[in-house]
Amino acid sequence: MKLIVQIPALNERDTIADVIRAVPRQIPGVDQVEVLIIDDGCTDDTVTVALNAGADHVVRHTANKGLATAYQTGIDTALRLGADIIVNTDADNQYPGSEIPHLIAPILAGKADIVIGDRQVHQIEHFSPLKKALQHIGSAVVRWASETNVPDTVSGFRALSREAALRTFVTSDFSYTVENLIQAGKRRLTIVAVPIKTNPVQRPSRLHRGNWNFIKRQAAIIARTYTTYEPLKVFSYIALFFATPGIVLLGWAAFVFIGRRLGVLSATNDQSLLVGSILILMALIIFLIGLLADRVGGVRRLQEEILYRTRVNLVEQEAWRRTISARLDRIERALGVTVTDEPEP
């Protein structure tokens, strides 16, 4: 059982060493623990500090591509390195490495595909009452959208089994937390939350420019991701918004028409008939768009399955290559010769 702890980093030279040294290298049920640094365009000596602190692997972006892309790069790299479990943690030392055994325990027990570290936001002292309230409301919305029961939906301290990692793909350019949680919920992966402690904050978040900027961008991700997985439901709700007043107006127009026929009403029904017809037509068009989007969603699900199987094949090929390489190394050491697959001249 191999665990890889991935740490996306952007200019974190002051904290990265503490994060790496806090990662436990001996965990019951785990044979090997390695640390992977994702250099997201660092302009300082973060990578050098990380390697000196004991990082095992580094993968680099030539420029800053954002947290979401760095997270996906880490997942892909960890899978190629043969990870059975992947833990993602932040480079700012927010999450204690000592919590990693607690975090991965449900996966080791075969009870979860994904485990989210619950920071118990209501107990975090440096969070203002407004931020706590916003986190509570936002997490409630994400729980509804993802059909999960995760208290802290934006926590970046999370563990993934190999199966969950193979089915993880980030499309957002802002943050992976909410998008991947909704994806996992819609794919019926087993998600568990465990309470964790956090370290004192050492600097403001670099991910966003204040609470309202964070809310705006996360709301866009929630709406886009939910629509991706539930297009017919979303467009049906929108169609219903137009259809309801349309039905009322057409009902009124029919009532006036019958009343005029019976000679008990003299009012006109032209406006109600016109507006009601337009609203019903709009509702019908929106509903048909939803049907089309739902069929496109069926194609997307097939594409996701193809992507999953392609990644499985690539990971298996890489594992086979490592196995062959290890065997050749043992043969070389035993025979005292160099074994090569290149033809002699």
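Keep in mind the model is a prediction, meaning the values are calculated, not measured. (Residues numbered from 1 in each chain as written. Predicted model: local features only at pLDDT ≥ 70, side-chain atom pairs only at ≥ 80, totals over all residues. Heavy atoms only, no water.)

S.K.: Looking at this structure, how should I read the packing of aromatic side chains?
M.R.: What characterises a pair of aromatic rings is the spacing of the ring centres plus the angle enclosed by the ring planes. Under the definition given, this model contains five aromatic pairs. Taking the centre distance of 3.8 Å and the plane angle of 0 degrees together, the rings of Y71 and Y176 count as stacked. Taken together, the positions of Y71 in helix α3 (residues 67-80) and Y176 in the loop between α6 (162-166) and α7 (177-186) put the pair 105 residues apart, joining distant regions of the chain. Look at Y71 and you get buried, because its relative accessible area is 1%. Taking the relative accessible area as the measure of exposure, Y176 reaches 1% and is therefore buried. On the basis of an interplanar angle of 10 degrees and a centroid distance of 5.1 Å, the ring pair of Y95 and F157 is categorised as stacked. Remark: F157 occurs in the loop between α5 (129-146) and β6 (158-161) and Y95 occurs in the loop between β4 (85-88) and α4 (100-108); sequence separation between them is 62 residues. (Phe/Tyr/Trp six-rings, centres within 6.5 Å; stacked < 30°, edge-to-face > 60°. Helix = DSSP H or I, 4+ residues; strand = E, 2+ residues; numbered from the N terminus. Buried < 20%, exposed > 50% of the residue type's maximum accessible area, 1.4 Å probe, protein only.)

S.K.: Mind showing me how you'd approach the pattern of salt bridges here?
M.R.: Pairing of side chains with opposite charge becomes possible as their charged atoms draw close. Enumeration according to the criterion identifies 17 salt bridges in this entry. Between R295 and D294 there is a salt bridge, with the nearest N and O atoms lying 3.0 Å from each other. Take R295: its relative accessible area is 52%, and that puts it in the exposed class. When the shortest N-O distance is used, the salt bridge between R300 and E304 registers 3.0 Å. With R300 and E304 both in helix α10 (residues 270-335) and four residues apart, the pair spans about one turn of that helix. (Salt bridge = Lys/Arg side-chain N within 4 Å of Asp/Glu carboxyl O.)

S.K.: Before we go on, may I ask you to explain the layout of surface pockets in this structure?
M.R.: Over the atoms rolls a probe the size of a water molecule, and in doing so it shows where empty space is left. Of the pockets and cavities examined, the second largest pocket occupies roughly 460 Å³. Lining of the second largest pocket is provided by 25 residues; of these, Q183, R187, Y229, R300 and E304 occupy positions nearest its centre. At the level of elements, α7, α8 (211-229) and α10 are the ones that each hand at least two residues to the lining of the second largest pocket. Among the elements that take part in the lining of the second largest pocket, α10 stands out by supplying eight residues, more than any other. Residue composition of the lining of the second largest pocket, by class: six nonpolar, six polar and 13 charged. (1 Å grid on protein atoms, 1.4 Å probe; cavity = no way out; pocket = protein on both sides within 12 Å on 5 of 7 lines; lining within 4 Å. Points joined across faces, edges and corners; volume = space filled by probe spheres on them. Nonpolar A, V, L, I, M, F, W, Y, C, P; charged D, E, K, R; others polar.)

S.K.: For this particular structure, what's the right way to read the domain arrangement of the protein chain?
M.R.: It is common to report an interface's size as the accessible area lost on association of the parts. Domain assignment breaks the protein chain into domain 1 (1-206) and domain 2 (228-331). Each partner contributes residues to the interface: domain 1 has 18 residues there, and domain 2 has 11 residues. The contact between domain 1 and domain 2 buries some 1200 Å² in all, and 54% of this surface belongs to carbon and sulfur atoms. A per-residue breakdown of the area domain 1 buries against domain 2 is headed by L166, R167 and K186, which together make up 42% of the total. Between domain 1 and domain 2 we count four salt bridges in total. Among the secondary structure elements, those contributing two or more residues to the side of domain 1 that touches domain 2 are α3, α6 and α7. Top element by residues in the side of domain 1 that touches domain 2 is α3. It accounts for five residues. (Domains from an automatic or database assignment. Contact = heavy atoms within 4.5 Å. Buried area = accessible area lost by both parts, 1.4 Å probe.)

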